[in-house]
Amino acid sequence: MGQTYENRLTAIVPAYNEAATVTETVRSLLEQTVAPAQVIVIDDCSTDDTASVAEAAGATVVRPPANTGSKAGAQMHALRAVDTELVMAVDADTTLAPDAIEKLLPALDDPEVVAACGFVLPRDVGSVWERGRYVEYMLAFSFFKRIQDTFEKPLISSGCFSVYRTAELREAGGWSTRTLAEDMDLTWSLYAARHKVRFVPEAVSYPVEPHDFDFMGKQLRRWSHGFVQNVRLHWRSLLSLGYLRSMVAVAFWDAMVASLAYLVLLPLLAILVSPLVLVGYLIDAPVILVPVLWQAVGRRETLRALASFPSFFLLRMVNGVFMLSAVWREMILRRPLLVYEKGH
Amino acid sequence: MSAGIPGMGLGGLFFVLSALLAPLLELARVARGTSTPARRRQIARQFAIAIAMIAAVDLTLRGFLLVAAALGSGAFSDAGGAFVLPLAPIGITGAVLAFVLLIAKSMAVVQGLRRGTQASRPPSSGARRRPRAARAEA
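Model, not experiment: these values are computed from the prediction.

Enquirer: What am I meant to see in the overall build of chain B here?
Expert: Per the secondary structure count, chain B includes 4 helices and 0 strands. The linear arrangement of helices and strands in chain B, starting from the amino end, is α-α-α-α. Within chain B, the proportion of its 138 residues that are buried is 20%. Summarising the internal contacts of chain B: among those between residues at least 6 apart in sequence, 53% fall at separations of at least 24.

If you want it as structure tokens, here you go:
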């Protein structure tokens, strides 16, 4: 394995004021069972010690002449310097399981596969927001994403931990700044070019997730606007991609109609008909709990999953607010969100 | 599909149905010789989870009905029956799902027809429009 992938992979880590976390990220990359030939940290003109800390940890640090204004901008700055066959994107607040790269790379043995992503779990699970996100990821990565992979269409090759064939990545335009969800944009562009993307659940990464509402709000605003922007940008090419088309249509419906039902219809019915209607907020709890517990038992995290479970419903409601706001601003008011606000 | 979006209804049903259909579709791969043990394991796992999700809904509703019956409501007396899944709401959700998928498919068909028409049309001698990608980048 090590022989096969030796010197074929460069990891690039965009970083803006990440002095607190970048050391662990770089170390977790260099200490992999199959380590990248080079770890490049793009210090996007940080105002803290990100550059010196990353260099001390063993990374090659590059610095654009001015702040690029987005994660995608920083990644593109580094992509020009990459001369290996494969390139990996890892967030500066993300650590990897020691064998994550070893588990991920074989997906690219198939010459048609140009990108692969792994399982994502929050590194810290303490606050209500981190707990909500933990359940959300356990559900998404243990059930939804595996089915998407079965149908050969993972919705997104996650931006915090994905590997790409460098040539095809460049051909697709790399990471674009035209939307706020550069990973979704890139994944859908790769599908439009008839490439394959894989999800490898055995390759696990641990990003730092928003611990408070301020950070969570920034992230959800970025993600929800990014989703709507990508639907607007890619809908024509999505139409010819059967399963992906269906997934996005259903997701868009849920983003609008289910959010409206959740935030408007249920409270209204509770007032007008009966307070018992409020049970609707929890009606799908058993359905969500099954895949979450299935994964948690395997990871010996059953108690953590059960304790975190209620937080999911709060996060889901907040998510609905941001999603409706994004649809309203992007599609009705035609006022797209253009500023990349760094959260986690 | 973001798991954080409210409504396991449509998205949930879509993925449960996908998981239930996957073994059938895999048979075609088996016949072609492109199926792998890892793929079959993954499909079996998702199938089992989907069945467990359906069972969880059934058990939860059964619990609700038992509680309601214990509280003396004569309207809820089916808890001991073989199957208590609320078929009407599931049917409505299924119909909405079919509607959404049909809309998406119809758009794809219309797009295909337009492309076919444009391909068979002779090139215009008038002013050329800027390519869409260029407009998007502008």
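Enquirer: Could you clarify how one ought to interpret the domain arrangement of chain A in this entry?
Expert: How big an interface is tends to be expressed through the accessible area that disappears when the partners come together. If you check the domain split of chain A, you get domain 1 (1–92) and domain 2 (237–332). Taking the mean C-alpha position of each, domain 1 of chain A and domain 2 of chain A sit 35 Å from one another.

Enquirer: Is there a simple way to explain the interface of chain A and chain B in this structure?
Expert: On the side of chain B, 34 residues touch chain A, which itself brings 41 residues to the contact. With 13 residues, helix α10 (residues 242–272) of chain A is the single largest residue contributor to the side of chain A that touches chain B. Along the lines of polarity and charge, the residues of the side of chain A that touches chain B split into 27 nonpolar, 6 polar and 8 charged.

Enquirer: What is the right way to look at helix α2 (residues 22–30) of chain A in this model?
Expert: Note: α-helices contain 3.6 residues per turn, so residues at a spacing of three or four share the same orientation. Three or more residues of α2 of chain A are buried, namely V22, T25, V26, S28 and L29 of chain A. For α2 of chain A, the buried positions fall inside an angular range of 165° around the axis, keeping them on one side.

Enquirer: Please clarify how the sheet that holds strand β7 (residues 161–165) of chain A should be interpreted in this entry.
Expert: Through backbone hydrogen bonds, the strands of a sheet pair up, either in parallel or in antiparallel fashion. Residue and element names in this part refer to chain A. Taken together, 8 strands build an open sheet; the order of strands is β3-β2-β1-β4-β7-β6-β8-β5 and the sheet is mixed. The outermost strands of the open sheet, each flanked by one partner alone, are β3 (60–62) and β5 (94–96). On average, adjacent strands in this sheet sit at an angle of 30° to one another, irrespective of strand direction. In the sheet, strand β6 (residues 113–120) pairs with β7 via 3 bridges, with the strands oriented antiparallel.

Enquirer: Quick question: what am I supposed to make of the nonpolar core here?
Expert: Across soluble globular proteins, nonpolar side chains show a tendency to be buried alongside one another. All names here are of chain A. Core analysis: the largest hydrophobic core is formed by 125 residues, its most contacted members being V13, V41 and A116. Top element by residues in this core is helix α6 (residues 128–150). It accounts for 11 residues. Viewed by domain, this core spans two of them, domain 1 (1–92) and domain 2 (237–332), each represented by three or more residues. Those residues in contact with V13 that lie beyond four places of it in its chain are V22, T25, V39, I40, V41, I42, A59, V90 and A92.

Definitions and limits used
Residues numbered from 1 in each chain as written. Chains lettered and ligands numbered in written order. Predicted model: local features only at pLDDT ≥ 70, side-chain atom pairs only at ≥ 80, totals over all residues. Helix = DSSP H or I, 4+ residues; strand = E, 2+ residues; numbered from the N terminus. Buried ≥ 20, exposed ≤ 12 C-beta atoms within 10 Å, placed from the backbone. Contact = placed C-beta atoms within 7 Å. Domains from an automatic or database assignment. Nonpolar A, V, L, I, M, F, W, Y, C, P; charged D, E, K, R; others polar. Arc of directions from axis to C-beta. Pairing = 2+ DSSP bridges. Axes fitted to C-alpha atoms, helices over the stretch in contact; angles between N-to-C directions. Core = buried A, V, L, I, M, F, W, Y, C linked by C-beta atoms within 7 Å.

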